Amino acid sequence: MGRILFWVILAVVIYAAFVFARKSRSARIAREERGGARESKFPAPMIECPECGTYFPEDEAVLGDGKAYCSERCRKKARARKERQNGNA
Ligand SMILES: [Zn+2]
């Protein structure tokens, strides 16, 4: 009887250790995922597109003519307008 109890307790302890290890590993993975997300999103400040006024993360900026635009479209639009203005002047 004592032997059976010993094996039952051993099985419970092994199971508990297994569950605990799985839990702590998944918690670590979740923490790393959150950390990665924080690294890619939070340090980038939001800046305003000079063309359309939209706020967007700086690391997604499309650079052109010394300015940071929200998209290639806005950059082209700004450049086209500038060229038009230069042509008229
Ligand atoms: Zn824009």
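Heads up: the structure comes first, above all this text.
Here we summarise the structure given alongside this text. Residue positions are counted from 1 within each chain, in the order its sequence is given. Whole-chain, interface and lining totals are the exception, using all residues; otherwise, since this is a predicted model, local features are given only for residues with pLDDT of at least 70 and side-chain atom pairs are given and counted only at 80 or more. Each side-chain value is worked out from all heavy atoms of the structure, with water and hydrogens disregarded.

1. Examining unusual backbone geometry
Rules: By definition, any uninterrupted DSSP run of H or I lasting at least four residues is a helix, any uninterrupted run of E lasting at least two residues is a strand, and each is numbered from the N terminus. We call a residue buried when its accessible area falls under 20% of the maximum for its residue type, exposed when it is over 50%, and partly exposed in between, using a 1.4 Å probe and counting protein chains only.
The backbone of D65 sits at a positive phi, close to 55°, despite the residue not being glycine. Within the element layout of this structure, D65 appears in the loop between β3 (62-64) and β4 (67-69). Among the residues examined, D65 registers a relative accessible area of 39% and is labelled partly exposed.

2. Quick notes on the side chain of E51
We count it as follows: As used in this structure description, the phrase polar contact means that two N or O atoms lie within 3.5 Å; if the pair is within protein, one of them must be able to donate a hydrogen and the other to accept it, and residues adjacent in sequence are counted only when both atoms belong to side chains. Residue contacts follow a heavy-atom distance rule, with two residues in contact if any of their heavy atoms lie within 4.5 Å.
Tracing the chain through its elements places E51 in the loop between β1 (46-48) and β2 (55-57). Under the relative-accessibility criterion, E51 is labelled buried at 17%. A distance of 3.0 Å separates the side chain of E51 from the side chain of R81, its partner in a polar contact. Look past the residues within four positions of E51 in its chain and what remains in contact with it is Y69, C74, K77, A78 and R81.

3. Overview of the coordination of the zinc ion
A four-donor tetrahedral metal ideally has 109.5 degree angles, and a six-donor octahedral metal ideally has angles of 90 or 180 degrees. Condition: Excluding water, the donors of a metal are its N, O and S neighbours within 2.8 Å, or within 3.2 Å for Na, K and Ca, and that exclusion means sites may look incomplete. Every geometry call rests on angle ranges, with four donors termed tetrahedral when all angles are between 85 and 135 degrees, four termed square planar and six termed octahedral when opposite donors are over 155 degrees apart and all others are between 65 and 115, and everything else termed irregular.
Within the first shell, the zinc ion binds the protein through C49 (SG), C52 (SG), C70 (SG) and C74 (SG), at distances of 2.2 to 2.3 Å. Around the zinc ion, the four donor atoms sit at angles spanning 105 to 115°, and that spread fits a shape best called tetrahedral. Given a relative accessible area of 2%, C49 falls into the buried group.

4. Side note on the nonpolar core
The line we're drawing: The definition of a nonpolar core used throughout is a set of buried Ala, Val, Leu, Ile, Met, Phe, Trp, Tyr and Cys residues joined through side-chain atoms within 4.5 Å.
One finds C49, F56, Y69, C74 and A78 forming the largest nonpolar core, which totals five residues. Excluding residues that lie within four positions of it along the chain, A78 makes contacts with E51 and Y69.

5. What to know about the packing of aromatic side chains
Condition: To pair, rings of Phe, Tyr and Trp, with the six-membered ring standing in for Trp, must have centres within 6.5 Å; the planes then decide the type, stacked if under 30 degrees apart, edge-to-face if over 60, and tilted in the middle.
Going through the model one piece at a time under the given rule, you end up with one aromatic pair. Geometrically, the ring pair formed by F6 and W7 is edge-to-face, given 5.4 Å between the ring centres and 70° between the ring planes. Exposure remark for F6: the relative accessible area of 48% places this residue in the partly exposed category. Of the residues examined, W7 reaches a relative accessible area of 52% and is grouped as exposed.

6. Here we look at a nonpolar patch on the surface
Using the following cut-off: Patch membership requires over 30% relative accessible area and the absence of a salt bridge. Like charges are linked within 9 Å, and nonpolar side chains (Val, Leu, Ile, Met, Phe, Trp, Tyr) within 5 Å. Using a 1.4 Å probe, the Shrake-Rupley method yields the accessible areas, and only the shown protein chains count as cover for residues. For this analysis, a salt bridge means a side-chain nitrogen from Lys or Arg found within 4 Å of a carboxyl oxygen belonging to Asp or Glu.
Taken together, the side chains of F6, W7, L10 and I14 make up a nonpolar region of the molecular surface, amounting to roughly 430 Å² of accessible area. Here L10 is to be found in helix α1 (residues 2-41). What makes L10 partly exposed here is its relative accessible area of 31%.

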